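Residue strings, one per chain:
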Amino acid sequence: MMKTSNFITSILFAGTVLVSCTDNFESINSNPNAPEQVSANLLTSTVTSEITRRLTDEGYSDGNTITQLMAKNNFPGFSQFDWGDQGMWDFFYNYLPEINDILEISRTEGTQNATYEGIALTLRALSFANLTDLYGYVPYTEAMAGETEGIFTPVYDDQETVYNGVLQDLADADAALAKGEAITGSTGDVIYDGDASKWRKLANSLRLRYLMRISKQRDVSAEMQAIVSAGNYINSNEDNATLTYSGTSNTDSWPQSTGRIGGFDEKSLCTTLLGYFEEFNDPRLDIWFDRNSDGEWVGIPIGLNQDNARAYDDANSPSRLDVELFYFSSTAAEAFIIKNSEVQFILAEAAERGFIAGSAADHYNAGIRASLAYWGVADAEIDAYLAQPSVQYDGSLELLLTQKTIALWNVDYQGWMDYRRTGIPALETGQDDLNGGRYPVRFLYPSSEQTLNTANYQAALQAMGGEGDNINTPGWWETGTRY
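Values in this document were obtained by computation on a predicted structure and should not be read as measured data.

Calculation criteria
- Residues numbered from 1 in each chain as written.
- Predicted model: local features only at pLDDT ≥ 70, side-chain atom pairs only at ≥ 80, totals over all residues.
- Heavy atoms only, no water.
- Helix = DSSP H or I, 4+ residues; strand = E, 2+ residues; numbered from the N terminus.
- Rg over C-alpha atoms; globule rule 2.2 N^0.38 Å.
- Buried < 20%, exposed > 50% of the residue type's maximum accessible area, 1.4 Å probe, protein only.
- Contact = heavy atoms within 4.5 Å.
- Areas by Shrake-Rupley, 256 points an atom, 1.4 Å probe, with all protein chains shown as cover.
- Lys, Arg positive; Asp, Glu negative; His and termini not counted.
- Charge placed at Lys NZ, Arg CZ, Asp CG, Glu CD.
- Salt bridge = Lys/Arg side-chain N within 4 Å of Asp/Glu carboxyl O.
- 1 Å grid on protein atoms, 1.4 Å probe; cavity = no way out; pocket = protein on both sides within 12 Å on 5 of 7 lines; lining within 4 Å.
- Points joined across faces, edges and corners; volume = space filled by probe spheres on them.
- Nonpolar A, V, L, I, M, F, W, Y, C, P; charged D, E, K, R; others polar.
- Phe/Tyr/Trp six-rings, centres within 6.5 Å; stacked < 30°, edge-to-face > 60°.
- Lys NZ or Arg CZ within 6 Å of the ring centre and 35° of its normal.
- Arc of directions from axis to C-beta.
- Core = buried A, V, L, I, M, F, W, Y, C linked by side-chain atoms within 4.5 Å.

Novice: It is not clear to me how the overall build of the chain should be interpreted in this structure. Could you clarify?
Specialist: For the chain, the helix and strand inventory stands at 21 helices and six strands. Relative to the 2.2 N^0.38 estimate, which gives 23 Å for 483 residues, the radius of gyration of the chain is 23 Å and therefore close to what a compact globule would have. Projected onto its principal axes, the C-alpha coordinates of the chain cover approximately 75 × 50 × 50 Å. Out of the 483 residues in the chain, the part that is buried amounts to 57%. A fraction of 78% describes how many contacts in the chain between residues 6 or more apart in sequence connect residues 24 or more apart. For the chain, the exposed area adds up to about 18900 Å²; of that, 47% sits on carbon and sulfur atoms. Computed over 30 positive and 67 negative side-chain charges, the inter-centroid distance for the chain is 3 Å.

Now the structure itself:
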């Protein structure tokens, strides 16, 4: 199995083999002193750390921007929707072969282990869900068929097909992890250190996330209720799928702490988030941001162009990110896949829509409590926060999903996915928007696909409809009519 090749590399490799292979190629090019197969724990270490770090870094860099939690005073093209290849396509397709290697090792006699199998299935589901959520149609059924079937220009599958596979992988992960099989020695797992029970909770929490995502297209009530009734999902901050940086090297440090202070200072509090924080009298404002030089909280609007952003910054001195938490410390901020707060808000919406039994208000309050507690807010202050009339739950999905969006700080692009599904909270483009006043709903395919997988690329664009490969074509789960 190819370890870290993407489709470009796969095609080039295929061409090289066809031209230059010989009957004794493998014996000539084998290293008798090197292992033929990397162990599952080493692969797991790479995959769990790289995916968790990248997702959080994406959330910090662009996910927070597209949900208007942060805005940039320099190089603001992303918030103007001047988008090119965002790089997530190559990232996930680079690591999917390694995930499949873990899966093969976990199912091979002599190295068989149900916990590694469950970990691999969970990570495969997470990767493909991100790919289809970000791009739309993506290679799925033929994505890993380069070596086994010689398919180096895979077809693109529709989102429903990908989601069927994602949800099946997570159900299979639940079954594998339910066995509770121990891993001897170093697990390589930077999230839960091989704890099968916690990975099971992660797998089922992701199932809840993705079932809610497709709920405009499909009745997901029975599946969501079954997960809730079984109780094997993240239900406390102790079960959060987080990575704590060691700080021993740049690679093992919070990424922003390793860059220049000028680059760090380019991100500021967005006026949209400041409005939420002022309405809710929210303590996270003082945790995530610093007051400006005048001792005031000031935001910057989304979507200003370079000249206007710099002029606004010079005139108003918007609040920067908290420098102690997000720059000077290499270990204080964590990376994460999903936290209890998100799960509770999913359950709150599910209860409000009648998908599951239970109190939407209880889950809503639990989501807020989990988020505030995670960021170090004391219990008494949380109680006072929840008692405010502006915060008390009144059955409003606008309130619920606004609070959820805030809690999704740094969680890749999940807030954007909720906005695309529900239109909540209402987001408007900025004054220097370059997308005709429309809020984008997908990333562009990488240019490599246009040249190296042209026929399948074109077929996907035609099948998705819209206006060709652009950022305004909604996907399958966004266009359902169930609510």
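Novice: I would appreciate a short explanation of the pattern of salt bridges in the present structure.
Specialist: Pairs may arise between side chains of opposite charge once their charged atoms sit close together. Across all of its chains, the model carries 22 salt bridges by this definition. When the shortest N-O distance is used, the salt bridge between Arg213 and Asp133 registers 2.8 Å. With Arg213 in helix α8 (residues 196-213) and Asp133 in helix α5 (residues 114-135), this residue pair connects regions lying 80 residues apart in the sequence. Both residues of the pair, Arg213 and Asp133, belong to the buried class. Several salt bridges share partner residues, and in doing so they unite Glu349, Arg353, Lys404, Asp418 and Arg421 into one network.

Novice: I keep staring at the environment of Asn472 and nothing clicks. Help me out?
Specialist: With respect to the secondary-structure elements, Asn472 resides in the segment after α21 (454-464). On the basis of relative accessibility, which here comes to 16%, the residue Asn472 falls in the buried class. Sequence-wise, Asn472 and Val441 are 31 residues apart; in three dimensions their C-alpha atoms are separated by 5.4 Å. Beyond its immediate sequence surroundings of up to four residues, Asn472 is in contact with Asn435, Arg438, Tyr439, Pro440 and Val441.

Novice: Whenever I open this one, the environment of Asn305 confuses me. Can you help?
Specialist: Along the chain, Asn305 falls in the loop between α12 (284-288) and α13 (306-316). Assessed through its relative accessible area of 24%, Asn305 is described here as partly exposed. Taking the C-alpha atoms as reference, Asn305 lies 36 Å from Thr244; in sequence the two are 61 residues apart. Apart from the residues lying within four places of it in its own chain, the contact partners of Asn305 are Pro76, Gln80 and Asp432.

Novice: Just to check I follow, could you spell out empty space enclosed by the protein for this structure?
Specialist: Where empty space is left becomes clear once a probe the size of a water molecule has been rolled over the atoms. In total, this model carries five cavities of 30 Å³ or more according to the counting rule given. As a volume, the second largest cavity reaches approximately 50 Å³. Surrounding the second largest cavity, 13 residues form its lining, Gly136, Arg442, Thr473, Gly475 and Glu478 being those nearest its centre. Of the residues assigned to the lining of the second largest cavity, the class counts are four nonpolar, five polar and four charged.

Novice: I would appreciate a short explanation of the packing of aromatic side chains in the present structure.
Specialist: The relation between two aromatic rings is expressed through the spacing of the ring centres and the mutual angle of the planes. The final tally for this structure, using the stated rule, is 41 aromatic pairs. Arranged with centres 6.4 Å apart and planes meeting at 45°, the rings of Tyr60 and Phe326 form a pair that is tilted. With Tyr60 in helix α3 (residues 40-66) and Phe326 in helix α14 (residues 323-328), this pair connects stretches of sequence that are 266 residues apart. Pairing Phe345 with Tyr364 gives two aromatic rings, centres 6.2 Å apart and planes at 75°, and the pair type is edge-to-face. Of this pair, Phe345 sits in helix α15 (residues 340-352) while Tyr364 is found in helix α16 (residues 360-374), placing the two residues 19 residues apart along the sequence. Of the residues examined, Phe345 reaches a relative accessible area of 1% and is grouped as buried. For the cation-ring pair, Lys339 lies above Phe336, with the distance from its terminal atom to the ring centre recorded as 3.7 Å. Positioned above the aromatic ring of Tyr445, the side-chain terminus of Arg442 is 4.7 Å from the ring centre.

Novice: Honestly, α21 in this entry has me stumped. Any pointers?
Specialist: Residue pairs spaced three or four apart in an α-helix point in one direction, given the helix's 3.6 residues per turn. Of the positions making up α21, those classed as buried are Asn456, Tyr457, Ala460, Leu461 and Met464. Here the buried residues of α21 occupy an arc of 140° about the axis, which is enough to place them on one side. Away from its buried face, by an angle of more than 90 degrees, α21 presents the exposed residues Ala455 and Gln462. Gly465 sits one or two residues past α21 and shows a positive phi near 75°.

Novice: Can you walk me through the nonpolar core in this structure?
Specialist: Across soluble globular proteins, nonpolar side chains have a tendency to be buried as a group. One finds Met224, Phe289, Phe326, Trp409 and Tyr445 to be the most contacted residues of the largest nonpolar core, which totals 135 residues. The greatest single-element share of this core, amounting to 12 residues, is contributed by α5. Excluding residues that lie within four positions of it along the chain, Met224 makes contacts with Leu208, Leu211, Met212, Ile346, Ala350, Phe355 and Ile356. If you look at the next biggest cluster of nonpolar residues, it comprises six residues, including Ala71, Ile300, Leu304 and Ala309.

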